[in-house]
Amino acid sequence: MIERSGTLGEPEKAEEVNPYEVQSTAKDLKIREMPGVKNEKKLILHSKFVWGESEVFTARIDPEDNLIATGCSDGLIKIFDINLSKSLRSVFACIGEPIPITGLRWRPSTQINNTKNILVSCSADGNISYWHATTGKLIHRITEAGNQVLGIDFRSDGELLASGGKDYKVRVYDDDTKSLSVVFNGAEWQYTGHSNRVFAVKFLNDNPNMLISGGWDNTIQIWDIREGKSVGSIYGASISGDSLDYSKGTILTGSYRNKDQLQLWDLGERKLIETLDWGSNFDSAFIYGAQFSKNDGQYIIAGCVGNNQVRVFDRTQRNKAAFSIEGSSKGIYTVDFANNSSNFVFGGGEGLSLIHI
């Protein structure tokens, strides 16, 4: 059942759609161990969720690793139960014509905000929408008039939400009041900032006053909430999706280009640490999604269009590529690790896949 959500509260029911096809295996996907790496673990395809012509632009696993949320090209948000391997519901996140969902985040559950299963979406119509995922209720909506919101992120305590988009600005909202706390403007002659679209924002988990952002201008901007401005930048990464991450002083970037796509940067020194070796067909790997594993930081995952592959890199083995997932006929737009294991999902033109490691 699709549920159109044009007003707050109970969703309005709409027409029936074709049932989801849930597959436990996918004959076209191939998991390959890369040469020169000793793998103590194996990758296993747990489930693949396939539906219609809609593409998965963004996917996120909830903090308890029970639910997967996907945002799609047709404006639908689909919620899946990991343990039951079935769909729970869909909500139509746009008002009027279908507009792609460009980003998703689960709000961290804290003592102040202890309501679980709160999912926040952003979309190309400028809306940031708060949902109760298990009931489908629209709780709140923020509209950035005239903007396309292309990426969002919560601070680890859930008290702040950042957004980036078409207008080159990075905005930070107070989650309690849903009001703007600070706006980081685009580049001007006397101020540092972005000079093109912003596709990714990321709070630093070891400094509550700092966040980073990236986009089409080939810079990573480093923002300080206290000062209300950029306090530094790193040149060299061209971000076109949710492919910016941070862990223990190291920034990970995945760039949409045919060389030097996956890179590690030193935040403190503001310089490149290493360009990871994609391996064969590297010049056809245009990255849309990249991330550190959340539970222990051992792995890096990246998904791309072009050769439509997913690579898993092992940081304990000099950041070498350990596994490759191949065989998709369409691009990979999003990747996300679980929070309490190294399991992960990836999604794109062929739907969503859940991998156990």
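Residues numbered from 1 in each chain as written. Predicted model: local features only at pLDDT ≥ 70, side-chain atom pairs only at ≥ 80, totals over all residues. Heavy atoms only, no water.

**So, the side chain of Asp175**
Looking at where Asp175 falls in the secondary structure, it is placed in the loop between strand E16 (170-174) and strand E17 (179-184). With sequence-adjacent residues up to four places away left out, Asp175 is seen in contact with Arg107, Asn113, Tyr130, Phe154, Gly158, Glu159 and Leu160. (Helix = DSSP H or I, 4+ residues; strand = E, 2+ residues; numbered from the N terminus. Contact = heavy atoms within 4.5 Å.)

**Side note on the pairing of strand E12 (residues 127-132)**
Counting buried residues in E12 gives six out of six residues, a clear majority hidden from the surface. Going residue by residue along E12, you find Asn127, Ser129 and Trp131 tucked away on one face and Ile128, Tyr130 and His132 tucked away on the opposite face as well. In the sheet, strand E11 (residues 118-123) pairs with E12 via five bridges, with the strands oriented antiparallel. Note that in E12 the partner of Val120 across the bridge is Tyr130. Between E11 and the antiparallel strand that follows it, E12, lie three residues; Gly126 among them carries a positive phi value of about 90 degrees. Relative to strand E13 (residues 137-143), E12 runs antiparallel, the two being bridged by six bridges. (Buried < 20%, exposed > 50% of the residue type's maximum accessible area, 1.4 Å probe, protein only. Pairing = 2+ DSSP bridges.)

**Examining the packing of aromatic side chains**
The way to describe two aromatic rings as a pair is by their centre distance and the angle between their planes. Under the definition given, this model contains nine aromatic pairs. Residues Phe57 and Tyr333 carry aromatic rings whose centres are separated by 5.5 Å and whose planes lie at 85 degrees to one another, so their mutual orientation is edge-to-face. A residue pair is termed long-range when its members are at least 10 positions apart, and Phe57 in strand E6 (residues 56-61) and Tyr333 in strand E30 (residues 332-337) qualify at 276 residues. A residue is classified by how much of its surface remains accessible, and Phe57, at 28% relative accessible area, is partly exposed. Here the aromatic rings of Phe337 and Phe344 are separated by 5.7 Å at their centres, their planes lie at 70 degrees, and the arrangement is edge-to-face. The exposure classification of Phe337 matches that of Phe344, with both residues buried. A connected cluster of aromatic rings, assembled from ring pairs, spans Phe57, Tyr256, Phe286, Tyr288 and Tyr333. (Phe/Tyr/Trp six-rings, centres within 6.5 Å; stacked < 30°, edge-to-face > 60°.)

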